[in-house]
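Observations on chain architecture
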Amino acid sequence: MIRLQIAIQLDYEVAATGSDFVFNIHAAQTARQHVLDEQLTLSQPVAYRVEKEPCSGNRLLRFSAPPGQLQVNYRATLDVDHFISSPELIPEVPVAKLPPEALVYIYPSRYCPSDRLHQLAMREFGSRWQGYSRVQGICDWVRERTTFASNTSTSQTSALDTLLDQTGVCRDFAHLMIALCRAINIPARFATGIDYGADPALGPTDFHAYVEAYLGDRWYMFDPSGTAIPMGFMRFGIGRDAADTAFATIFGSVKTHAPVIDIQAIAGADGRLRQPFHCGRALSTDG
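This report concerns the structure included in the present document. (Residues numbered from 1 in each chain as written. Predicted model: local features only at pLDDT ≥ 70, side-chain atom pairs only at ≥ 80, totals over all residues. Heavy atoms only, no water.)

**Quick notes on the pattern of salt bridges**
Evaluation of the coordinates by the stated rule reveals 13 salt bridges. Between R171 and D172 there is a salt bridge; the shortest N-O distance is 4.0 Å. Of the charged contacts in the structure, one is a salt bridge between R189 and E212, with a shortest N-O distance of 2.8 Å. Of this pair, R189 sits in strand β10 (residues 188-194) while E212 is found in strand β11 (residues 207-215), placing the two residues 23 residues apart along the sequence. (Salt bridge = Lys/Arg side-chain N within 4 Å of Asp/Glu carboxyl O. Helix = DSSP H or I, 4+ residues; strand = E, 2+ residues; numbered from the N terminus.)

As structure tokens, then:
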């Protein structure tokens, strides 16, 4: 079990008309990710609520803010107790046997037009052994053919754009991998966290996008960008793609500033510090 401590600071300047905000910055509470304590503070004295989205379980912070400076601070301590398995023991699941909650993640979505990548996916991966290793092969294929570069994509960039441009940021890597998985009927979903262990040369600690694929009887984590350490990821939200999991959705005119994010491993209940590390086995925070 790894104990993580996170801190997020978000700064905004709200225009004269005021704005409505929906944030997805509360740590997810799952069977293997346990939130021990958390604290939210807003610089404006506004009423807020945290609601659980019924399909995904994402915890959404909602409020309306009047004009002026706004700062949102969230801190949390959580334990991540990974399910760890040998990749060679994990099969794919036939579509006929997928649980209902996984079905939505085999369909095309806004940023993951998997129907348009079917021929490519079948040519590259159709003949591979069907199991965890095939999904890992897709992850490696995306990483090998795509260059990580900041500010190379926009909110309109889809998996097709990333395939053609061969460059992008973590969300673009994730969209391309998800689209290729779905193209061969492997459920895959978009997950958000923090880029624990990322090279400081890539910039300050930031929000991170990665992939969870449904194999065997649970969702396993993959990081196609390869920029961070998956064992150190903590989940905020899941969805079909980035449209479902934005850390901030703003309705109104607002000037935004770069987020300030910190994440670190700390000693657990037994006083021992367990640092996340790159692991060759299959990891899941699913129940």
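**Some remarks on the sheet that holds β10**
Strand-to-strand pairing in sheets goes through backbone hydrogen bonds, with the strands running parallel or antiparallel. Across the sheet, which stays open at both edges, the four strands sit in the order β12-β11-β10-β13 with antiparallel pairing between neighbours. Each having just a single partner strand, β12 (218-222) and β13 (237-239) make up the two edges of the open sheet. Adjacent strand axes in the sheet meet at a mean angle of 35 degrees when their direction is disregarded. Running over the sheet, helix α3 (residues 132-145) touches β11 and β12 and is turned about 30 degrees from β12. (Pairing = 2+ DSSP bridges. Axes fitted to C-alpha atoms, helices over the stretch in contact; angles between N-to-C directions. Contact = heavy atoms within 4.5 Å.)

**A word on the packing of α3 against helix α5 (residues 170-183)**
Taken N-terminus to C-terminus, the directions of α3 and α5 make an angle of 140 degrees; their axes are 10 Å apart at the nearest point. Between α3 and α5, the angle is such that the two are oblique. In the packing of α3 onto α5, the handedness of the crossing is right-handed. Contacts between α3 and α5 involve V135, I138, C139, W141, V142 and R143 from the first element and F173, L176, M177, L180 and C181 from the second. Tallied by class, residues from the contact of α3 with α5 come to ten nonpolar, no polar and one charged. (Parallel < 35°, antiparallel > 145°, perpendicular 65-115°, else oblique. Left-handed = near helix turned anticlockwise from the far one by under 90°. Nonpolar A, V, L, I, M, F, W, Y, C, P; charged D, E, K, R; others polar.)

**Some thoughts on the pairing of β12**
Moving residue by residue along a regular strand, the side chains alternate between the two faces of the sheet. The buried count for β12 comes to five of five residues, which makes it a mostly enclosed element. Bridge count between β11 and β12: five bridges; the pairing is antiparallel. Among the inter-strand pairings, Y214 is bridged to a residue of β12, identified as W219. Connecting β11 to the next strand, β12, in antiparallel fashion are two residues, including G216 with a positive phi near 65 degrees. (Buried < 20%, exposed > 50% of the residue type's maximum accessible area, 1.4 Å probe, protein only.)

**Let's talk about the packing of helix α2 (residues 118-125) against α3**
Two packed helices can be described by the angle between their axes and the distance between those axes. Remark: α2 packs on α3, axes separated minimally by 11 Å, with the N-to-C direction vectors making an angle of 110 degrees. Looking at the two axes, α2 sits roughly perpendicular to α3. When the axes of α2 and α3 are compared, the crossing they make is right-handed. Two secondary-structure elements touch here, α2 through L120, E124 and F125 and α3 through R134, G137, I138 and W141.

**With respect to the packing of aromatic side chains**
Taken as a whole and judged by the stated rule, the model has 15 aromatic pairs. On the basis of an interplanar angle of 25 degrees and a centroid distance of 5.8 Å, the ring pair of F23 and F63 is categorised as stacked. Of this pair, F23 sits in strand β2 (residues 19-23) while F63 sits in strand β5 (residues 59-65), placing them 40 residues apart in sequence. The burial state of F23 is the same as that of F63; both residues are buried. Aromatic ring contacts, followed pair by pair, group Y12, F21, F23 and F63 into a single cluster. If you follow R218 out to its NZ or CZ, it ends over the ring of F83, 3.6 Å from the centre. (Phe/Tyr/Trp six-rings, centres within 6.5 Å; stacked < 30°, edge-to-face > 60°. Lys NZ or Arg CZ within 6 Å of the ring centre and 35° of its normal.)

**Describing the sheet that holds β2**
Taken together, the four strands give an open sheet; going across it, the order is β4-β5-β2-β14, and neighbouring strands pair in antiparallel fashion. At either margin of the open sheet sits one strand with a lone partner, and together these are β4 (48-52) and β14 (248-251). Across this sheet, the average inter-strand angle for adjacent strands is 20 degrees, counted without regard to direction. In the sheet, β2 pairs with β5 via five bridges, with the strands oriented antiparallel. By the bridge assignment for β5, V22 is matched with R62.

**Points about α2**
Listing the buried residues of α2 in full gives L120, A121 and F125. Projected down its long axis, α2 carries its buried residues within an arc of 95 degrees, all on one side. Opposite the buried face of α2, at more than 90 degrees from it, the exposed residues are Q119 and R123. Summarising the contacts, the buried residues of α2 are in contact with α3, α4 (159-165) and α5. (Arc of directions from axis to C-beta.)

**Some points on the nonpolar core**
Counting residues in each nonpolar core, the largest one holds 48 residues, and the members touching the most others are L4, F23, F63, V72 and M234. If one sorts the elements of this core by residue count, strand β1 (residues 2-14) sits on top with seven residues. Beyond its immediate chain neighbours, meaning those up to four positions away, L4 contacts A76, T77, L78, V80, Y196, G232, F233, M234, I263, Q264, A265 and P276. I138, C139, L180 and V211 belong to the second-largest nonpolar core, a separate cluster that totals 37 residues. (Core = buried A, V, L, I, M, F, W, Y, C linked by side-chain atoms within 4.5 Å.)

Just distances and angles here, no functional claims.
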